[in-house]
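Residue-level structural notes
Take a look at the letters that make up each chain.
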Amino acid sequence: MKRIRQGDEVVVIAGKDKGRRGSVLKVFSDGRVIVENVNVAHKHQKPNPNAGVPGGIIEKEIPLHASNVMLYNPATDKGDRIGVRKLEDGRKVRYFKSNNEVLDT
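Everything numeric here is computed off the predicted structure, so don't read it as measured data.

Quick look at the pattern of salt bridges now. The tally for this structure, following the rule as stated, stands at six salt bridges. Of the charged contacts in the structure, one is a salt bridge between glutamate 9 and arginine 21, with a shortest N-O distance of 2.8 Å. One end of the pair, glutamate 9, is in strand β1 (residues 9-12); the other, arginine 21, is in strand β2 (residues 21-27), and twelve residues separate them in sequence. By relative accessible area, glutamate 9 is classed as partly exposed at 38%. Its salt-bridge partner being arginine 91, residue aspartate 89 comes within 3.0 Å of it at the nearest N-O pair. A relative accessible area of 54% places aspartate 89 in the exposed class. Salt bridges here are not isolated pairs; linked through shared partners, they connect Arg5, Asp8, Arg94 and Asp104.

Attention shifts here to the packing of aromatic side chains. Summed over all chains, the structure comprises zero aromatic pairs. Taking NZ or CZ as reference, arginine 21 lies 4.1 Å from the ring centre of tyrosine 72, over its face. Across from the ring centre of tyrosine 95, 3.8 Å away, lies the NZ or CZ of arginine 85, which sits over that ring.

A separate point is the sheet that holds strand β6 (residues 64-65). For sheets, the rule is that strands pair by backbone hydrogen bonds, running either parallel or antiparallel. Strand order in this open sheet of six strands is β6-β3-β2-β1-β7-β8, and the pairing throughout is antiparallel. Both outer strands of the open sheet, β6 and β8 (78-80), are each paired with one neighbouring strand and no more. Pairing geometry for β1 and β2, over three bridges, is antiparallel. The residue of β2 that forms the bridge with glutamate 9 is serine 23.

Side chains on a regular strand alternate between the two faces of the sheet. Where β1 and strand β7 (residues 69-73) come together, three bridges link them in antiparallel fashion. Across the sheet, the residue bridging to valine 10 is leucine 71, located in β7.

Right, let's talk about the nonpolar core for a bit. Within the largest apolar cluster, twelve residues are counted, these being Ile4, Val10, Val12, Val24, Val33, Val35, Val38, Leu64, Val69, Leu71, Ile82 and Phe96. Among the secondary structure elements, those contributing two or more residues to this core are β1, β3 (32-35) and β7. When near neighbours in sequence (up to four residues on either side) are disregarded, valine 35 contacts Val10, Gly22, Ser23, Val24, Glu61, Leu64 and Val69.

Right, let's talk about unusual backbone geometry for a bit. In this model, asparagine 37 sits at a positive phi of 60°, which is unusual for a non-glycine residue. A positive phi angle, close to 55°, is found at asparagine 100, a residue other than glycine. Summarising the element assignment, asparagine 100 is placed in the segment after β10 (92-96).

What follows concerns the side chain of aspartate 104. On the secondary structure map, aspartate 104 appears in the segment after β10. For aspartate 104, a relative accessible area of 16% gives the class buried. A distance of 3.1 Å separates the side chain of aspartate 104 from the backbone nitrogen of arginine 94, its partner in a polar contact. Those residues in contact with aspartate 104 that sit more than four places away from it in its chain are Arg5, Val93 and Arg94.

Reading the values: the criteria
Residues numbered from 1 in each chain as written. Predicted model: local features only at pLDDT ≥ 70, side-chain atom pairs only at ≥ 80, totals over all residues. Heavy atoms only, no water. Salt bridge = Lys/Arg side-chain N within 4 Å of Asp/Glu carboxyl O. Helix = DSSP H or I, 4+ residues; strand = E, 2+ residues; numbered from the N terminus. Buried < 20%, exposed > 50% of the residue type's maximum accessible area, 1.4 Å probe, protein only. Phe/Tyr/Trp six-rings, centres within 6.5 Å; stacked < 30°, edge-to-face > 60°. Lys NZ or Arg CZ within 6 Å of the ring centre and 35° of its normal. Pairing = 2+ DSSP bridges. Core = buried A, V, L, I, M, F, W, Y, C linked by side-chain atoms within 4.5 Å. Contact = heavy atoms within 4.5 Å. Polar contact = N/O pair within 3.5 Å; in protein donor to acceptor, adjacent residues only side chain to side chain.

This is the structure in structure tokens:
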């Protein structure tokens, strides 16, 4: 079970954007995640009239490794570690290790 999923709110814990918070836009199979408005790079793009792509300098989110982000816990107002446990009905759910609050319902 993946600890970080698309749509989760995370906090960056390492790198140039340390402390910034955002929503996960995409999770890759190699363990990298794209976080909204975090780790933004400027890309110089040539115009392509056939594809309808304008030229210029565009801003693009670059993937971060999943180990450099933590799930945001609104109860404690900071990043928190995640555990996985099995419920009585057999489902696996994620929970915050600091206060045992279940994430998935």
